[in-house]
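Chain by chain, the residues run as shown.
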Amino acid sequence: MPGGGRCPDCGSTELVEDSHYAQSQLVCSDCGCVVTEGVLTTTYSDEGNLREVTYSRSTGENEQVSRSQQRGLRRVRDLCRVLKLPPTFEDTAVAYYQQAYRHSGIRAARLQKKEVLVGCCVLITCRQHNWPVTMGTLCTLLYADLDAFSGTYMQIVKLLGLDVPSLCLADLVKTYCSSFKLFQPSPSVPAKYVEDKEKMLSRTQQLVELADETWLVTGRHPLPVITAATFLAWQSLRPSDRLTCSLARFCKLANVDLPYPASSRLQELLAVLLRMAEQLAWLQVLKLNKRSVVKHIGDLLQHRRTLVRKAFRDGTAETEPQEKELQEQGQGQGQGKEEAPRGALQFIGSRSWSRSQEECSEAWVGGSPIPWCQRAGCIYSYPVGWPSS
Amino acid sequence: MDADSDVALDILITNVVCVFRTRCHLNLRKIALEGANVIYKRDVGKVLMKLRKPRITATIWSSGKIICTGATSEEEAKFGARRLARSLQKLGFQVIFTDFKVVNVLAVCNMPFEIRLPEFTKNNRPHASYEPELHPAVCYRIKSLRATLQIFSTGSITVTEMRPFLHRWSLGWPWDLC
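Residues numbered from 1 in each chain as written. Chains lettered and ligands numbered in written order. Predicted model: local features only at pLDDT ≥ 70, side-chain atom pairs only at ≥ 80, totals over all residues. Heavy atoms only, no water.

**Some points on the overall build of chain B**
Broken down by element type, chain B carries four helices and ten strands. Helices (α) and strands (β) of chain B occur, in sequence order from the N terminus, as β-α-β-β-β-β-α-β-α-β-β-β-β-α. A buried classification covers 46% of the 178 residues belonging to chain B. Counted over contacts in chain B with a minimum sequence separation of 6, partners at least 24 positions apart contribute 56%. Element-wise, carbon and sulfur atoms account for 53% of the exposed surface of chain B, whose accessible area totals about 9100 Å². (Helix = DSSP H or I, 4+ residues; strand = E, 2+ residues; numbered from the N terminus. Buried < 20%, exposed > 50% of the residue type's maximum accessible area, 1.4 Å probe, protein only. Contact = heavy atoms within 4.5 Å. Areas by Shrake-Rupley, 256 points an atom, 1.4 Å probe, with all protein chains shown as cover.)

This is the structure we're talking about:
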């Protein structure tokens, strides 16, 4: 009951707040007389809290998934299905896409970038699960430029702060080799070119490991090396029929694109094999060249560890297994420990300078001499004022 | 490489980028017409002036901000910048040489050994990033020195750095790493 109010007709204090539709009224409950009437219309300022809010100012925008994000998520799922990835990968890739979309830089980016972002999320997921997918494959599937892809990829890795492991070479060899259409006879592939998958795979693996040991893979795109290795493996399994087939023809038969650097990688691999063949007594007599060495690849691969060590120990090529030793020791000793030089191993490399141990006991770095052990690649002692690591 | 090549490890500074301000508005058209060795890029609104003595290319904006690139040392960069300011003064502008700052220093160094990049990246996980499909080198970032090192498998290293005085320090890092 509102205090102090009296009905002008009957004088009772029983006044009730009773609204007639939208109009508020004060009515006497005894006689029904309307004491006061509210205002029918409201002012603009009264409606302050009742007015409509535009979508962009509301929080609905953050809660709801926008149309382009929905399209992107659909594309991520489609891409995972095309690549025949396990279902867990799909969820991870979708999660990455949503996480990326929360950043304003991605949300405001052009549609082209968002399309490439789809591929980047799938690539990161595959890398983290060691599933070998190359950027080239994704670029062809997305009809995107490798430059655009690489830019977006580096940006997203930095933005999300992810630690993406590098491409696993062994798995890549397996998947790439399996894509060669040479394991079944067909109208385009004559019977003499058909090969057993397991044999070819194992030989290709060995050749790729050999290339890795002899510095043909470091710093380069892995695919051309694998193509060259597959070609050599295939040729060496039946050299009499297959020596006449060129690399380009091989790729055409196998229905695989020939990457441009593959021919140079092939020549480099053949040069390595020739060097190894020079160490085998029964092959030295034969005076092999780049074509005839293919016939003996099987033997060379069987003894490859000893041959590589022998072939590249002295002469103008690098020392590979010892290099590995050097690197490991260098890393261990690069922590600043002092150690006396061990043995008189001459450090020779075709891409570095050859020098005797006496000449190289001091290297000049930044204007001050630092004694370094050339065998281990470590510094004996740091000069005064050198920053500690 | 033969045994007669130099024994010392040279760190070669290949580029020093610096900026300075002239504190006065510059008439680009006047510089383009009357200045020597200039290229006027009207569409982007800047003038490129090349000096011969310290081999420097300067980008001059009408606001008075000038960027100099191409010097091979910090002193040379300052010398070239001053020379440029003097040549602008001779053209008639009230130039005051202020806010000189070396922005970026690029240097190249050759390590005497090859580096296995995949193992290197594995051992230096958060700082090193290696994508063989994109670039043949490992990109190693030293946050504390604001330096980026590009390490190639042949052993050559390119260092890009924001603070020039710590340049020598950042080059000590490759020895520790490799």
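**Digging into the pattern of salt bridges**
Between side chains of opposite charge, pairing is possible as soon as their charged atoms come close. Residue and element names in this part refer to chain A. Applying the stated criterion across every chain, the model contains 14 salt bridges over all chains. The salt bridge partner of Arg-81 is Glu-90, with a shortest N-O separation of 3.8 Å. The class for Arg-81 is exposed, based on a relative accessible area of 53%. A relative accessible area of 16% means that Glu-90 is categorised as buried. A salt bridge links Arg-304 to Glu-209, with the shortest nitrogen-to-oxygen separation between them at 2.6 Å. With Arg-304 in helix α16 (residues 304-311) and Glu-209 in helix α9 (residues 197-213), this residue pair connects regions lying 95 residues apart in the sequence. Among the residues examined, Arg-304 registers a relative accessible area of 6% and is labelled buried. Taken together, the salt bridges that share partners define one network made up of Asp-78, Arg-81 and Glu-90. (Salt bridge = Lys/Arg side-chain N within 4 Å of Asp/Glu carboxyl O.)

**Comments concerning the sheet that holds strand β10 (residues 156-161) of chain B**
Residue and element names in this part refer to chain B. Across the sheet, which stays open at both edges, the ten strands sit in the order β2-β3-β4-β5-β1-β6-β10-β9-β8-β7 with antiparallel pairing between neighbours. With one partner strand each, in any of the chains shown, β2 (38-41) and β7 (128-130) form the two edges of the open sheet. Along the sheet, successive strands turn relative to each other by an average axial angle of 15°, direction set aside. Two strands pair when backbone bridges link them, and strand β1 (residues 11-21) and strand β5 (residues 65-71) are joined in this way by five bridges, in the antiparallel orientation. (Pairing = 2+ DSSP bridges. Axes fitted to C-alpha atoms, helices over the stretch in contact; angles between N-to-C directions.)

**Quick notes on a positive patch on the surface**
A surface patch of like charges, here positive, comprises Arg67(A), Arg71(A), Arg74(A) and Arg75(A). Counting through the fold element by element, Arg75(A) comes out in helix α2 (residues 67-82). (Patch = residues over 30% accessible without salt bridge, like charges linked within 9 Å, V, L, I, M, F, W, Y side chains within 5 Å. Lys, Arg positive; Asp, Glu negative; His and termini not counted. Charge placed at Lys NZ, Arg CZ, Asp CG, Glu CD.)

**Section: the pairing of strand β6 (residues 98-110) of chain B**
All names here are of chain B. Both β1 and β6 contribute to a ladder of nine bridges, which runs antiparallel. Bridge pairing links Val-16 to Val-105 in β6. Across six bridges, β6 lies against β10 in antiparallel orientation. Bridge pairing in β10 places Val-108 opposite Thr-158.

**Description of the confidence of the model for chain A**
In this model, chain A carries an average pLDDT of 78, and 78% of its residues clear a pLDDT of 70 or more. Predicted confidence is poor over residues 315-389 of chain A, with pLDDT under 50, and the contacts of this stretch with residues over four places away or in other chains come to 153 contacts. (pLDDT = per-residue confidence, 0-100.)

**Some thoughts on the packing of aromatic side chains**
Across all of its chains, the model carries eleven aromatic pairs over all chains by this definition. On the basis of an interplanar angle of 25° and a centroid distance of 6.3 Å, the ring pair of Phe231(A) and Trp234(A) is categorised as stacked. With Phe231(A) and Trp234(A) both in helix α10 (residues 222-237), this residue pair falls three residues apart, about one helical turn. The class for Trp234(A) is buried, based on a relative accessible area of 0%. Over the ring of Phe93(B) we find Lys30(B); its NZ or CZ atom is 5.3 Å from the centre of that ring. The lysine or arginine in question, Arg116(B), covers the ring of Trp215(A), its NZ or CZ lying 4.2 Å from the ring centre. (Phe/Tyr/Trp six-rings, centres within 6.5 Å; stacked < 30°, edge-to-face > 60°. Lys NZ or Arg CZ within 6 Å of the ring centre and 35° of its normal.)

**Quick word on the packing of α9(A) against α16(A)**
Residues and elements named next belong to chain A. Following both chains from N to C, one finds α9 and α16 inclined at 25°, their axes separated by 12 Å at the closest point. Judged by the angle between their axes, α9 and α16 are roughly parallel. Crossing handedness for the pair α9 and α16: right-handed. Counted together, Gln-206, Glu-209, Leu-210 and Glu-213 of α9 and Arg-304, Arg-305 and Val-308 of α16 form the full contact between these two elements. (Parallel < 35°, antiparallel > 145°, perpendicular 65-115°, else oblique. Left-handed = near helix turned anticlockwise from the far one by under 90°.)

**Details of the environment of Val194(A)**
All names here are of chain A. Position of Val-194 among the secondary structure elements: in the loop between α8 (169-178) and α9. Between the C-alpha atom of Val-194 and that of Gln-184, which follows or precedes it by ten residues, the distance is 6.2 Å. Those residues within four positions of Val-194 in sequence are excluded, and the remaining contacts are Leu-182, Phe-183, Gln-184, Pro-185, Val-189, Arg-238 and Arg-242.

**Quick word on the packing of helix α13 (residues 262-279) of chain A against α16(A)**
Residue and element names in this part refer to chain A. Two elements in contact, α13 and α16, have axes whose closest approach is 9 Å; the angle formed by their N-to-C orientations is 90°. The orientation of α13 with respect to α16, classified from their angle, is roughly perpendicular. On the side of α13, the interface is formed by Arg-275, Met-276 and Gln-279, while α16 contributes Arg-304, Leu-307, Val-308, Lys-310 and Ala-311. Looking at side-chain class alone, the contact of α13 with α16 contains four nonpolar, one polar and three charged residues. (Nonpolar A, V, L, I, M, F, W, Y, C, P; charged D, E, K, R; others polar.)

**Details of the sheet that holds strand β3 (residues 34-37) of chain A**
All names here are of chain A. Strand order across the open sheet formed by three strands is β1-β2-β3, with antiparallel pairing between neighbours. On the outer flanks of this sheet lie β1 (15-17) and β3, each paired with one strand and no other. The average angle at which neighbouring strand axes cross in this sheet is 20°, direction not considered.

**Quick word on the environment of Phe113(B)**
Residues and elements named next belong to chain B. By the element assignment, Phe-113 lies in the loop between β6 and α3 (117-123). On the basis of relative accessibility, which here comes to 7%, the residue Phe-113 falls in the buried class. Along the primary structure Phe-113 and Ser-153 are separated by 40 residues, whereas in three dimensions their C-alpha atoms are 8.9 Å apart.

**A closer look at the side chain of Ser236(A)**
With respect to the helices, strands and loops of the structure, Ser236(A) is situated in helix α10. Ser236(A) has contacts with Arg203(A), Val294(A) and Ile297(A), leaving out every residue within four places of it along the chain.

**Observations concerning the nonpolar core**
In terms of nonpolar packing, the biggest core is built from 57 residues, with Leu182(A), Leu207(A), Leu232(A), Phe250(A) and Leu300(A) touching the most fellow members. Secondary-structure elements contributing two or more residues to this core are α8, α9, α10, α12 (247-253), α13, α15 (297-302) and α16 of chain A. (Core = buried A, V, L, I, M, F, W, Y, C linked by side-chain atoms within 4.5 Å.)

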